[in-house]
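Single-letter residue listing:
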Amino acid sequence: MKKSAVMDLSSCMEGDLVKIVRIRGDSLIRKRLIEMGFLRGRVLKIVKYAPLKDPVEVEVGGSHVSLRVCEAAGIDVEPVY
Amino acid sequence: MSPLSFSHTLRQNLKKDVFYEKSTRPFTIALAGNPNCGKTSLFNAITGAHQHVGNWGGVTVEVKEGSVTFNKNEIRVVDLPGTYSLTAFSLEESVARDFIIHEKPDVVVNVIDATNLERNLYLTVQLLELGVRPLLAFNMWDEVRNKQIEINIKLLSELLDVPIVTTIGKNCTNINKLLDTAVLMAKEERCKYNRQISEFPAEVVQVIEKLISVPVMNSFGVSAQWLAIKLLENDSEVRSAVKEAEGGSGILEIADSARSKIELILGEDAQSIIAEARYGFIAGALRETVRKPVRNRVEISDQIDSIITHPVWAFPVFFLFMWLLFQATFVLGAYPQGLLESGVEFLRESVLNLMPDTVLRSLIIDGIIGGVGGIIVFLPNILILFFGIAIMEDSGYMARAAFITDKVMHKVGLHGKSFIPMLMGMGCNIPAIMAARTLESETDRRKTILLAPLISCSARLPVYVLFAGALFPKHAGNIVFLFQFVFGTLSFFIMAYIFKKTLFKGDEQPFVMELPPYRLPTFRSVLIHMWQRAEHFLKKMGGVVLVFSIILWVLSNYPVNSEIEESYNGKIDSVRISTELSSEQKESKTGVLESEMRLEQLKYTGIGRIGMALEPFFRPLGFKWRESVSLLTGFVAKEVIVSSMGVLYLADDSELDRDQRLKTAIADHFTPLKGFAFMFFVLLYTPCVVALITVIRELKSVKWSIFSVVYQIALAWIVTFAIYQGGRLIGLQ
């Protein structure tokens, strides 16, 4: 894994497909993300940003989940080509 | 929440064994499942209208209960809060978990959105870990067929070693089969499960086995394996329960050191390792049993979302829906409200005509009919608002509304879903406070309930109209607009921000929220939902409001001073028999005397005395006893302030030009500055007694209820003080 390829989810663009590398952040948000299927190695699709650019809707494992940009910033991802 | 009380569990176990002897004991079925899995529609399908909303252990989390008689078996059905998991991080999860552990339902029916098996089965795996063999209801089976997903139910059921029934909650398909299986399971006691199922890494399995071998671990009345897993996950409730037990601190030490060792070896925290193992197990089971077609078409939900959450159109659509909801609730609702009001009026007049003029009649008319009438007139608003909210929730729009408004609300520490209570508050605070129930997290809900009364409701309008008309005749319209729409909303946001920075500092709830696919709400579900709210409102509020109305009635009528009455009656009589005055002069003189008498009597009553006693409290705000008394009467309802001002300020009791004369009287008694300050006080202090009781009922906490009252009055006082004294400092009148 090239180090430069890793970015946080909040810097992704609509339509991007990314793979989860790591979930940081406090335990409450982490726990909620994990139980909703945000797991290392899974592919996420950034579906769209809300009209005011926060929160962001992503698709993971068949569910659509919305999270705040500050919460998305705690998820490290790498692009999927 | 109290930590798991395992001694309590033990006692329950003993009781349960006794109960098992008797076959007459009704079965208990608990429904567990993710939010949006159709659990509630399945619950409605099973129980029909035989259900009620209960609350669990004094928390605001709702647990619905219902009953059904099936093949001569009496079955109690409990609808647990929707959860993704069974850890103790959120109140909903604690409630669901405690119910399963302590109440030991005979069968846990795990409702599964069969179109999204992977995530839904995550909860199932946790049930299995807990030693519960659930009955899986693969719900929304019609959607599975529509989406051409193939699921090998038989094989999956064998792999998981749990029974599976496919269901369609919205049209009651296979409900009997589900109940049949449940009854069978309960009778055969096939609900126990004891197999290590998750494919945990070897390091984790070793630790779990080591922990299970400690004898104390088997003395808690729940599966030792589950306790071990929870200790590795660092579950706070399980930790504190284990700590209390003998030798508990030793177990914690083993678990803690094992956890750090595992994290060191596997390079990830234990929580994620365990979650990944669970998901790995699920993926393994699904790989062999589920075939999904390659998705080659855009789903309907995505198409709808292309407008609903469109960068430009999202807000116009949102405001259109909000406008419709508001209009339906308060404009359409005004018609049945009018009918109810005339019904109450009819009742009042009948009593007036049928009963002699006694204290009892006055109590019945003003205390009881007035009080009950004051509640039921809100019923149409509540029914319509919750009809609308149910449609928005069941269809999936609510999540989108939160999605688009969250940025604004989050700035002041609130959740996107707080928007609807805020908006509805402009009609009436009472349904608005109740609408805070749509918020999942208790903190968000509490904040919204505390803030909703600051929004200016329509009952405050008559006060603004009177004062703006009397004191600012040139700008009356603008002033009324500012108070009705701007200042209330502004104080909502400012106070929300202050709460965020002080009381609820660092208490941020995660927003992570599912955007479920759009679904057509069923009429039945919407009706049940609406009726539950109305029933709750009438039952829970009725008694208390009645008591308060009677207390207020007594205070505003008693004690009566007969001396005042006698002396004024004497004066009035002497005017009447006077030979020097013309009949017109007589009439105006008696009118003045009568209104003086009324004023003197009001001063003598409980409310008058309290109001006068409170004068020193109001003096720094520029208010005298009259203002103080009128504000006190405003607790009944804000518009009452206007009518009590008539009694307090008007020297003549006649109806002639009453509005105009009241305006003149206000202009005489109030400087513009004092009037402006007064309007602010009216805006900010407790809306009315019904709203107050709604707040208390919904907060379900004495501490927070007291805080709610105190902070609103304090806020009103401080703001009014600042405006009045600040205005005087800069030379305003």
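Everything numeric in this text was worked out from a predicted model, so none of it was measured. (Residues numbered from 1 in each chain as written. Chains lettered and ligands numbered in written order. Predicted model: local features only at pLDDT ≥ 70, side-chain atom pairs only at ≥ 80, totals over all residues.)

### Quick notes on the overall build of chain B
So, point 1. The helix and strand inventory of chain B stands at 34 helices and 10 strands.
So, point 2. Each principal axis of the C-alpha atoms in chain B carries an extent, and together these give about 110 × 60 × 60 Å.
So, point 3. Taken over 733 residues, chain B has a buried fraction of 43%.
So, point 4. Expressed as a percentage of contacts within chain B between residues at least 6 apart in sequence, the contacts between residues at least 24 apart total 72%. (Helix = DSSP H or I, 4+ residues; strand = E, 2+ residues; numbered from the N terminus. Buried ≥ 20, exposed ≤ 12 C-beta atoms within 10 Å, placed from the backbone. Contact = placed C-beta atoms within 7 Å.)

### Here we look at the overall build of chain A
So, point 1. Regarding its fold elements, chain A presents 2 helices and 6 strands.
So, point 2. Moving toward the C terminus, one meets the helices and strands of chain A in the order β-β-α-β-β-β-α-β.
So, point 3. Taking 12 Å as the expected radius of gyration for a compact globule of 81 residues, we find that chain A reaches 11 Å, a close match to that expectation.
So, point 4. Dimensions along the principal axes, computed over C-alpha positions, put chain A at roughly 30 × 25 × 25 Å.
So, point 5. The proportion of buried residues among the 81 residues of chain A is 42%.
So, point 6. In chain A, of all internal contacts separated by at least 6 residues, the share reaching a separation of at least 24 is 57%. (Rg over C-alpha atoms; globule rule 2.2 N^0.38 Å.)

### Describing the nonpolar core
So, point 1. Ranked by internal contacts, the top residues of the largest apolar core, which has 204 residues, are Leu31, Ala137, Met679 and Phe681 of chain B.
So, point 2. Apart from residues lying up to four places away in sequence, Ala137 of chain B is in contact with Leu42, Val109, Val111, Ile112, Val165, Thr167 and Leu178 of chain B. (Core = buried A, V, L, I, M, F, W, Y, C linked by C-beta atoms within 7 Å.)

### Focus: helix α4 (residues 117-129) of chain B
Residue and element names in this part refer to chain B.
So, point 1. Under the 1.5 Å per step criterion, the end-to-end length of α4 is 18 Å for 13 residues, consistent within 8% with the ideal 18 Å.
So, point 2. Counted residue by residue, α4 has 12 buried out of 13 residues, so it is predominantly covered.
So, point 3. Among the residues of α4, Leu117, Arg119, Asn120, Leu121, Tyr122, Leu123, Thr124, Val125, Gln126, Leu127, Leu128 and Glu129 are the ones counted as buried.
So, point 4. Looking one or two residues past α4, Gly131 carries a phi angle of roughly 90°, positive in sign. (Expected span 1.5 Å × (residues − 1).)

### Structural notes on the sheet that holds strand β2 (residues 17-23) of chain A
So, point 1. Spatially, the 7 strands line up as an open sheet ordered β1(A)-β6(A)-β2(A)-β3(A)-β4(A)-β5(A)-β10(B), and their pairing is antiparallel. Since the sheet does not close on itself, it has two edges, and those belong to β1 (7-8) of chain A together with β10 (513-514) of chain B, each with one partner.
So, point 2. Across 5 bridges, strand β3 (residues 43-49) of chain A lies against strand β4 (residues 56-60) of chain A in antiparallel orientation. Each bridged residue has a counterpart across the sheet, and for Lys45 of chain A the counterpart in β4 of chain A is Glu59 of chain A. (Pairing = 2+ DSSP bridges.)

### Thoughts on the interface of chain B and chain A
So, point 1. Listed by partner, the interface residues are 28 residues for chain B and 27 residues for chain A.
So, point 2. For the side of chain B that touches chain A, the elements supplying multiple residues, two or more each, are α4, α12 (270-289), α14 (314-332), α18 (397-411) and β10 of chain B.
So, point 3. Here the side of chain B that touches chain A is composed, by residue class, of 15 nonpolar, 7 polar and 6 charged.
So, point 4. Here strand β5 (residues 63-67) of chain A runs beside β10 of chain B; their pairing, made up of 2 bridges, is antiparallel. Pairing of Val65 of chain A across the sheet is with Glu514 of chain B, part of β10 of chain B. (Nonpolar A, V, L, I, M, F, W, Y, C, P; charged D, E, K, R; others polar.)

### With respect to unusual backbone geometry
So, point 1. Here Asp54 of chain A and Pro55 of chain A are connected by a cis peptide whose omega angle stands at 0°.
So, point 2. For Pro55 of chain A, the position within the fold is in the loop between β3 and β4.
So, point 3. In this model, Asn36 of chain B sits at a positive phi of 65°, which is unusual for a non-glycine residue.
So, point 4. Position of Asn36 of chain B among the secondary structure elements: in the loop between β1 (27-33) and α2 (39-47).
So, point 5. With 21 C-beta atoms counted inside 10 Å, the residue Asn36 of chain B sits in the buried group.
So, point 6. Even without being glycine, Gln148 of chain B reaches a positive phi, approximately 55°.

### Notes on the pairing of β5 of chain A
All names here are of chain A.
So, point 1. Burial of β5 is extensive: 5 of the 5 residues sit out of reach of the surface.
So, point 2. Of the two faces of β5, the one lined by Ser63, Val65 and Leu67 and the one lined by His64 and Ser66 are each fully buried.
So, point 3. In the sheet, β4 pairs with β5 via 5 bridges, with the strands oriented antiparallel. Following the sheet pairing, Val60 is matched in β5 by Ser63.
So, point 4. Hairpin connection, β4 to β5: the antiparallel pair is bridged by 2 residues, and Gly61 has positive phi, about 50°.

### Concerning the packing of helix α8 (residues 202-212) of chain B against helix α9 (residues 224-232) of chain B
When two helices pack together, you describe them by how their axes are tilted relative to each other and by the distance separating the axes.
Residues and elements named next belong to chain B.
So, point 1. Between α8 and α9, the shortest axis-to-axis distance is 9 Å and the interhelical angle comes to 125°. Relative to α9, α8 is oriented oblique. Viewed along their axes, α8 and α9 form a crossing whose handedness is right-handed. In this structure, α8 uses Val204, Val207, Ile208, Leu211 and Ile212 to contact α9, whose residues at the interface are Ala224, Gln225, Ala228, Ile229, Leu231 and Leu232.
So, point 2. Broken down by class, the residue content of the contact of α8 with α9 amounts to 10 nonpolar, 1 polar and no charged. (Axes fitted to C-alpha atoms, helices over the stretch in contact; angles between N-to-C directions. Parallel < 35°, antiparallel > 145°, perpendicular 65-115°, else oblique. Left-handed = near helix turned anticlockwise from the far one by under 90°.)

### Examining the domain arrangement of chain B
Residue and element names in this part refer to chain B.
So, point 1. Under the domain assignment used here, chain B contains domain 1 (6-188) and domain 2 (202-291).
So, point 2. Facing the 24 residues of domain 1 at the interface are 23 residues of domain 2.
So, point 3. The element that contributes the greatest number of residues to the side of domain 1 that touches domain 2 is α4, accounting for 6 residues.
So, point 4. A breakdown of the residues in the side of domain 1 that touches domain 2 according to their chemical character gives 15 nonpolar, 6 polar and 3 charged. (Domains from an automatic or database assignment.)

### A word on the pairing of β1 of chain B
All names here are of chain B.
So, point 1. Of all 7 residues in β1, 6 are buried, a share of seventy percent or more.
So, point 2. With 5 bridges joining them, β1 and strand β4 (residues 73-79) adopt parallel strand pairing. What sits directly across from Ala30, in β4, is Val78.
So, point 3. As defined by bridge partners, β1 adjoins strand β5 (residues 107-113) across 5 bridges and the pair is classed as parallel. Residue Gly33 lies in a different strand from β5, and its bridge partner there is Val111.

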